[in-house]
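Each chain, letter by letter, is given below.
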Amino acid sequence: MIHIPRPRTQSLRVRLVLWYGVLVAAALALFVLLTLSWVTDALYQNTESAVHTEAQAAVSEVSDELLAVPPYWPDRLSLRSLNTYRAPGIEVEVIDWQGKTHVDSDGNPNTHLPTNPPLLQEVYTGHSVAYRDQFDGEPVQVEATAIRAGPAANKTVIGVLLVAKSLREINTTLELLRTLLFLTGCAVLVGSLLGSWSITDRLLQPLTEMAQTAQSIAATTARGTRIGNLSSRVRRPDGDDEIAKVVDALNGMLADLEKATQSQRRFVADASHELRAPLTTIQGNLAFLQRYGDEIPAAERSTTLHDAYDETLRLTRLVEELLLLARADAHIDTQPTLREHCQHLIELDYVVLQLVRQLHGRLRCEASMPKLEIGLIEPVRIYGDEETIRRILLALLDNALKYTAQSGPSTEQGRVLVSLERREKQALLQVSDTGMGIAEDELPHIFERFYRADRARSRQGTGLGLSIVSLQVEQLGGRITAESTPGQGSTFNVWLPLVW
Ligand code: ADP
């Protein structure tokens with residue numbers, strides 16, 4: 001196993017480049033080794049076969065020149081044609097068993113081609129032997145072949161013919177090839193390391209930017225009391241690869257967090273503002289009473305007190321709604337849906353009818369109030385919490401009645417209609433009214449916290465009702481939508497998952 005020393009910096013880039021370098025180096029080494037061994041084999045085999053051909057030619061020429069009777073050796077072997085056509089760099093020697101040299105092509109009696117007794121012994125048995133050795137300080141390829149003489153049926157080995165070829169050129173070529181391969185390998189390795197460094201640099205750049213963005217947000221978040229600058233985004237790399245997807249996910253998360261933080265800040269600011277208004281009135285009225293209580297007429301005193309009391313009611317309602325919202329928020333965060341949490345089976349049609357009947361009783365006394373009607377009510381069962389459902393319906397009916405209550409010169413009594421049916425495999429609870437309706441540009445905002453349409457300002461309300469309803473519907477695993485035509489009325493649709 002290849003062991004790479006762990007770099008001191010834990011940089012992913014360094015590790016990737018190192019691993020890549022190791023792989024490229026291993027591939028290159030394998031390539032160099034295979035090429036070298038293949039070329040070396042091919043060159044040596046070439047030389048070996050050249051020497052063999054030369055040895056065969058020489059043996060046949062020697063046999064032609066031998067005498068027909070023992071000792072068979074002529075006074076002088078001329079080997080004319082061999083000497084004439086011999087390939088350059090070929091050395092030939094003919095030695096008999098007495099050690100006498102009959103041919104020595106280099107003409108130097110002091111230098112002899114390398115042999116040894118075991119080898120000669122093998123040649124004596126009639127085999128040809130090819131081997132590599134040193135001659136005159138040079139590497140040579142040698143072939144030793146037996147020289148036979150005598151009658152055809154009983155030829156005996158009378159000597160040995162040695163043919164050698166220098167391997168210097170081949171070795172030089174191989175040396176050159178080795179150097180060339182080594183240098184090329186080094187260049188390729190360095191090139192690929194540089195290339196991989198720049199590629200990993202480009203690939204990992206978004207990761208670096210992500211880390212920097214996260215660090216900058218962490219650095220600007222002072223001791224957990226304030227969330228830092230969430231508006232920074234990581235540059236998206238080209239393409240649609242995994243890193244681009246991670247960058248998209250992070251940027252999306254930052255955008256959502258930014259939106260959530262902004263709406264939270266807005267909520268806190270709105271809540272403080274809404275709480276301050278009744279408090280100011282209460283404070284002012286009480287201060288006025290404290291100072292001038294004895295001097296002012298009893299009727300004025302009573303009105304001032306009454307106003308203060310009304311404001312405490314408004315304040316209580318506001319605080320209750322804020323508390324409800326905070327609880328619902330916590331609920332949504334900690335539990336996916338109430339439906340999964342509390343598996344109470346509820347007969348929704350029964351709950352709706354019961355609540356509408358209760359309201360009917362109260363409304364009958366007030367002539368100015370709209371007519372509350374019950375439309376189609378199908379039997380519907382859902383999982384949930386009865387109290388939550390009653391609150392949702394009550395809030396929607398409260399709004400419908402409030403924004404449909406007779407106002408102005410029109411004498412026509414408004415209508416509020418409640419219906420419940422199964423639609424698209426869901427329960428659909430509808431509260432429609434023939435009230436003032438909601439302007440098209442205001443409709444998308446009505447579920448936002450503290451949002452109140454201008455036309456609603458004159459009526460009582462905090463702007464929290466629908467945001468609480470929408471959270472509670474979410475708790476039940478459902479959703480709420482609204483449709484409206486200004487001047488004609490609105491319809492609120494609560495979609496809830498059916499049990500069956
Ligand atoms: P509010 O306490 O002001 O009623 P809500 O959150 O319940 O607050 O409603 C938000 C706004 O949506 C209201 O101020 C009003 O403009 C509008 N709205 C809600 N229900 C109706 C309705 N039935 N008809 C007309 N406008 C409505």
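Before going into details, it helps to say that this report is about the structure given with it.

So, how was this worked out
- Residues numbered from 1 in each chain as written.
- Predicted model: local features only at pLDDT ≥ 70, side-chain atom pairs only at ≥ 80, totals over all residues.
- Heavy atoms only, no water.
- Salt bridge = Lys/Arg side-chain N within 4 Å of Asp/Glu carboxyl O.
- Helix = DSSP H or I, 4+ residues; strand = E, 2+ residues; numbered from the N terminus.
- Buried < 20%, exposed > 50% of the residue type's maximum accessible area, 1.4 Å probe, protein only.
- Lys, Arg positive; Asp, Glu negative; His and termini not counted.
- Contact = heavy atoms within 4.5 Å.
- Near = heavy atom within 4 Å.
- Polar contact = N/O pair within 3.5 Å; in protein donor to acceptor, adjacent residues only side chain to side chain.
- Areas by Shrake-Rupley, 256 points an atom, 1.4 Å probe, with all protein chains shown as cover.
- Axes fitted to C-alpha atoms, helices over the stretch in contact; angles between N-to-C directions.
- Left-handed = near helix turned anticlockwise from the far one by under 90°.
- Nonpolar A, V, L, I, M, F, W, Y, C, P; charged D, E, K, R; others polar.
- Expected span 1.5 Å × (residues − 1).
- Parallel < 35°, antiparallel > 145°, perpendicular 65-115°, else oblique.
- Pairing = 2+ DSSP bridges.

**Some points on the pattern of salt bridges**
Phase 1 of the analysis: Tallying each qualifying case throughout the model produces 14 salt bridges.
Phase 2 of the analysis: Between Asp248 and Arg236 there is a salt bridge, and its shortest N-O distance comes to 2.9 Å. Within this pair, whereas Asp248 is found in helix α5 (residues 242-292), its partner Arg236 is found in the loop between α4 (168-220) and α5, the two being separated by 12 residues in sequence.
Phase 3 of the analysis: For Arg236, a relative accessible area of 37% gives the class partly exposed.

**Focus: the side chain of Glu311**
Phase 1 of the analysis: On the secondary structure map, Glu311 appears in helix α6 (residues 298-334).
Phase 2 of the analysis: Although Glu311 lies buried, it forms no salt bridge, and the closest oppositely charged side chain, Arg314, sits 4.4 Å away as judged by the N-O distance.
Phase 3 of the analysis: Leaving out residues up to four positions away in the same chain, Glu311 has contacts with Pro278, Thr281 and Ile282.

**Some remarks on the site of the ligand**
Phase 1 of the analysis: Around the ligand, the surrounding shell holds 20 residues, and the nearest of these are Asn399, Tyr403, Arg452, Thr462 and Leu466.
Phase 2 of the analysis: A distance of 2.7 Å is found between an oxygen atom of the ligand and a side-chain nitrogen or oxygen belonging to Asn399.
Phase 3 of the analysis: The separation between an oxygen atom of the ligand and a polar side-chain atom of Tyr403 is 2.8 Å.
Phase 4 of the analysis: Summarising the interface, the protein chains cover 98% of the accessible area of the ligand, which totals 530 Å² for the free molecule.
Phase 5 of the analysis: Every element with two or more residues in the shell around the ligand is listed here: α9 (386-402), α10 (465-475) and β12 (489-497).
Phase 6 of the analysis: The element that contributes the greatest number of residues to the shell around the ligand is α9, accounting for 3 residues.

**Considering the packing of α9 against α10**
Phase 1 of the analysis: Between α9 and α10, the least distance of the axes is 10 Å, while the angle of their chain directions is 150°. When you trace α9 past α10, the crossing you get is left-handed. Along its contact with α9, which presents Thr388, Arg391, Ile392, Ala395, Leu396 and Asn399, the element α10 presents Leu466, Val469, Gln472, Val473 and Gln475.
Phase 2 of the analysis: Classifying every residue of the contact of α9 with α10 by side-chain character gives 6 nonpolar, 4 polar and 1 charged.

**Focus on α9**
Phase 1 of the analysis: The first and last C-alpha atoms of α9 sit 24 Å apart over 17 residues, in line with the 24 Å expected at 1.5 Å per residue.
Phase 2 of the analysis: Of all the positions in α9, only Thr388, Ile389, Arg390, Ile392, Leu393, Leu396, Leu397, Asn399, Ala400, Leu401 and Lys402 are classed as buried.

**Details of the packing of α4 against α5**
Helix-helix packing: each pair is described by the crossing angle between the helix axes and the interaxial distance.
Phase 1 of the analysis: The geometry of α4 relative to α5 is characterised by a closest axis approach of 10 Å and an angle of 20° between their N-to-C directions. Looking at the two axes, α4 sits roughly parallel to α5. Considering the relative orientation of α4 and α5, their crossing is left-handed. Of α5, the residues touching α4 (which contributes Leu203, Pro206, Met210, Thr213 and Ile217) are Ile243, Val246, Val247, Leu250 and Leu254.
Phase 2 of the analysis: Residues that form the contact of α4 with α5 fall into these classes: 9 nonpolar, 1 polar and no charged.

**Things to note about the sheet that holds strand β7 (residues 371-377)**
Phase 1 of the analysis: In spatial order, the strands read β7-β9-β10-β12-β11; together these 5 strands make up an open sheet with mixed pairing. Each end of this open sheet is capped by a strand with a single partner; those strands are β7 and β11 (479-485). Strand-to-strand, the axes of this sheet are offset by a mean angle of 15°, without reference to chain direction.
Phase 2 of the analysis: Pairing geometry for strand β10 (residues 426-433) and β12, over 7 bridges, is antiparallel. Across the sheet, the residue bridging to Gln430 is Asn493, located in β12.
Phase 3 of the analysis: Each of β7, β9 (415-423), β10 and β12 is contacted by helix α8 (residues 348-363), which is oriented at about 165° to β7, the strand it contacts most.
Phase 4 of the analysis: Set on the sheet, α9 makes contact with β7, β9, β10, β11 and β12; between it and β10 the angle comes to about 25°.

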